Each structure stands twice: as C-alpha cells, then as structure tokens.
Amino acid sequence: MREVTRGTVTPQQKGISVNNRFQNTNIKYQQGTSRSIYDTITVTQAELQQGVTLRFFEDVQNRTFPLTNLDNTNQLTVGETLITENYYLASADISEGAIGKFAPLSTDEIGKAEFSLEIGNSLTIKRLPVLSSLNGFNPNAGFEGYAVYNFYTQVVIPPLMNFVAIVRIPPFAGAPAEGLAIRLNVEGVGSILAPRTTF
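Residues numbered from 1 in each chain as written. Predicted model: local features only at pLDDT ≥ 70, side-chain atom pairs only at ≥ 80, totals over all residues. Heavy atoms only, no water.

A.B. asks: Any details on the overall build of the chain? Residues and values, ideally.
C.D. replies: From N to C terminus, the chain includes 4 helices and 11 strands. In the chain, buried positions account for 42% of the 199 residues. Carbon and sulfur atoms provide 50% of the accessible area of the chain, an area that totals close to 10,700 Å². (Helix = DSSP H or I, 4+ residues; strand = E, 2+ residues; numbered from the N terminus. Buried < 20%, exposed > 50% of the residue type's maximum accessible area, 1.4 Å probe, protein only. Areas by Shrake-Rupley, 256 points an atom, 1.4 Å probe, with all protein chains shown as cover.)

Printed below as a string of structure tokens:
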C-alpha cells in the first residue's frame, strides 16, 4: 500500500483553524473523536434507468436509524465539527420492500457517477469521479473490492452549517427491478460537545 503525505497540519489543527475563522473559538475545548456520518436513499429502477441526482443529508429529517445517524437536520450541532478524511458509497438490493446487505459499489453499477460536497451553499468538492474510489483506480486500494476514497484535502464541516453530498448517477441500464438503497458514509476526525470542560 502506498503512503500518502498530506502535509504537516493535523486534521485537528485544520478543524480548529477553520472554526476560528467563523469566530467559533470553543471547538478546541471540545472532546476529540472519530466521526462517521451516513445517509441512505432508496431509488427506483426507473430513476436509475433515466439517471438521477441524489442529495444525501439534505432531507435527513425524513429518515431515521438505520438509514441515517443524523438527527432531524443536515447540520452538526453546537460543539461538533467534522474534518472529512474519506468517503465511501455502498448499495443494497431491495426485495419485497426490505433493504438487503450493503456492499461496495462496483464499476458495473455506478462507477461513472460523480461526487460533490456543498457546505453552507458553497461547493467544496466538485465532481469527483466515484471511479477514483474503486479498486484498480484508487492508489490506496489494498485489496480487491476496496472502495474507500481518501480525500487529498480535508474539508471541514463546522457546526450549524448546512451540508449536502451530491451524487450524480448516469443512466444505469442494469438496475434491479425493485431499485437500490444507496448509502454514503463520510468519515474523519471530529469533535463532540464536552460540557464539563466548557461550562
């Protein structure tokens, strides 16, 4: 596996620096943590055959666990931040209305899709090919089926700012009859509220 050096600034330092620019100087006093946020959207066969744009996290208030781990909003709460380090997409077949087992996307399914990320209505990652996350095209892939993309720039999601991940999927002729459930995970270093040290 190839080692990638991304600079001397740690994710924690970048998170503190970005939050300081928003006058959110208390982030450095919060509890550091590993964070993963995810959202799942079901799409029909017809949508997949025509091509569809999925906006993960945008309407998260309409979904509950286990489809998402966010609570009622596409914002992190006070004291929380996420420094994005990687993402992955997974899909599951739907059978009789039930979602099956998730597996990494394959090139046969949605390898031609594009991934973008908006924070506070600003585009921070633009049209990143999903193909770059898949084994064979991903320099960090260590085994067959590897599908995690490590960002070269760690984008910070501050608290109380809307964020939306956009996945644009081209027409997919081989879509299953009952459609697919598509899950997006975004992971990295983060913070959670530590009231004992801040109040």
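A.B. asks: Tell me about a nonpolar patch on the surface, and please be specific about residues and values.
C.D. replies: There is a patch of nonpolar side chains on the surface, built from V78, L160 and L193 and spanning about 270 Å² of accessible area. Examined against the element boundaries, L160 turns out to sit in the loop between β9 (156-157) and β10 (163-169). (Patch = residues over 30% accessible without salt bridge, like charges linked within 9 Å, V, L, I, M, F, W, Y side chains within 5 Å. Salt bridge = Lys/Arg side-chain N within 4 Å of Asp/Glu carboxyl O.)

A.B. asks: I'd like a rundown of the environment of T64, residues and numbers included.
C.D. replies: Here T64 lies in the loop between β2 (52-56) and β3 (81-95). You can call T64 exposed: its relative accessible area is 56%.

A.B. asks: Before we move on, can you summarise the nonpolar core with the specific residues and values?
C.D. replies: Soluble globular proteins: nonpolar side chains tend toward being buried together. Grouped together as the largest cluster of nonpolar side chains are 37 residues, with contacts concentrated most on F56, F57, Y87, L89, F115, I182 and L184. Broken down by secondary-structure element, the contributors of at least two residues to this core are β1 (31-43), β2, β3, β6 (114-119), β7 (122-129), β10 and β11 (180-192). Apart from residues no more than four positions distant in its own chain, L184 is found in contact with I37, Y38, D39, F56, F57, Y87, Y88, L89, F115 and A165. (Core = buried A, V, L, I, M, F, W, Y, C linked by side-chain atoms within 4.5 Å. Contact = heavy atoms within 4.5 Å.)

A.B. asks: Explain the sheet that holds β10 residue by residue, including any values.
C.D. replies: In space, the 4 strands of this open sheet follow the order β2-β10-β6-β7, with antiparallel pairing throughout. The open sheet has two free edges, formed respectively by β2 and β7, since each of these has just one partner strand. Pairs of neighbouring strands in the sheet enclose a mean axial angle of 15°, with direction left out of account. Where β2 lies against β10, 5 bridges are found, and the strand directions are antiparallel. (Pairing = 2+ DSSP bridges. Axes fitted to C-alpha atoms, helices over the stretch in contact; angles between N-to-C directions.)

A.B. asks: Talk me through the side chain of N185; I want residue IDs and the actual numbers.
C.D. replies: Structurally, the position occupied by N185 is in strand β11. Note on N185: relative accessible area 5%, which makes it buried. The residues contacting N185, other than those within four sequence positions of it, are S36, I37, Y38, N86, Y87 and Y88.

A.B. asks: So, unusual backbone geometry: which residues are in play, and what are the values?
C.D. replies: Excluding glycine, residues mostly carry a negative phi; peptide bonds, for their part, are mostly trans. With an omega dihedral of 10°, the bond running from F65 to P66 counts as a cis peptide bond. Tracing the chain through its elements places P66 in the loop between β2 and β3. Phi angles above zero are rare outside glycine, and L160 is one such case at about 60°.

A.B. asks: For the pattern of salt bridges, give the residues involved together with the corresponding values.
C.D. replies: The full count for this structure, using the stated rule, is 6 salt bridges. We note a salt bridge from E80 to R35, for which the minimum N-O separation is 3.5 Å. One end of the pair, E80, is in the loop between β2 and β3; the other, R35, is in strand β1, and 45 residues separate them in sequence. Here the two residues E80 and R35 agree in accessibility, since each one is buried. We note a salt bridge from R55 to E58, for which the minimum N-O separation is 2.9 Å. Overlapping salt bridges bring together R55, E58 and E118 as one network.

A.B. asks: Give a detailed account of the side chain of N138, specifying residues and quantitative values.
C.D. replies: Checked against the element boundaries, N138 lands in the loop between β7 and β8 (148-150). Here N138 falls in the buried class, since its relative accessible area comes to 7%. In terms of polar contacts, N138 uses its side chain to reach the backbone carbonyl oxygen of S133, at 3.0 Å. For N138, the side chain forms a polar contact with the main-chain oxygen of V148, separated by 2.7 Å. Among residues more than four places away in sequence, those in contact with N138 are S132, S133, Y146, V148 and Y149. (Polar contact = N/O pair within 3.5 Å; in protein donor to acceptor, adjacent residues only side chain to side chain.)

Scope: geometric values only; no functional claims are made or implied.
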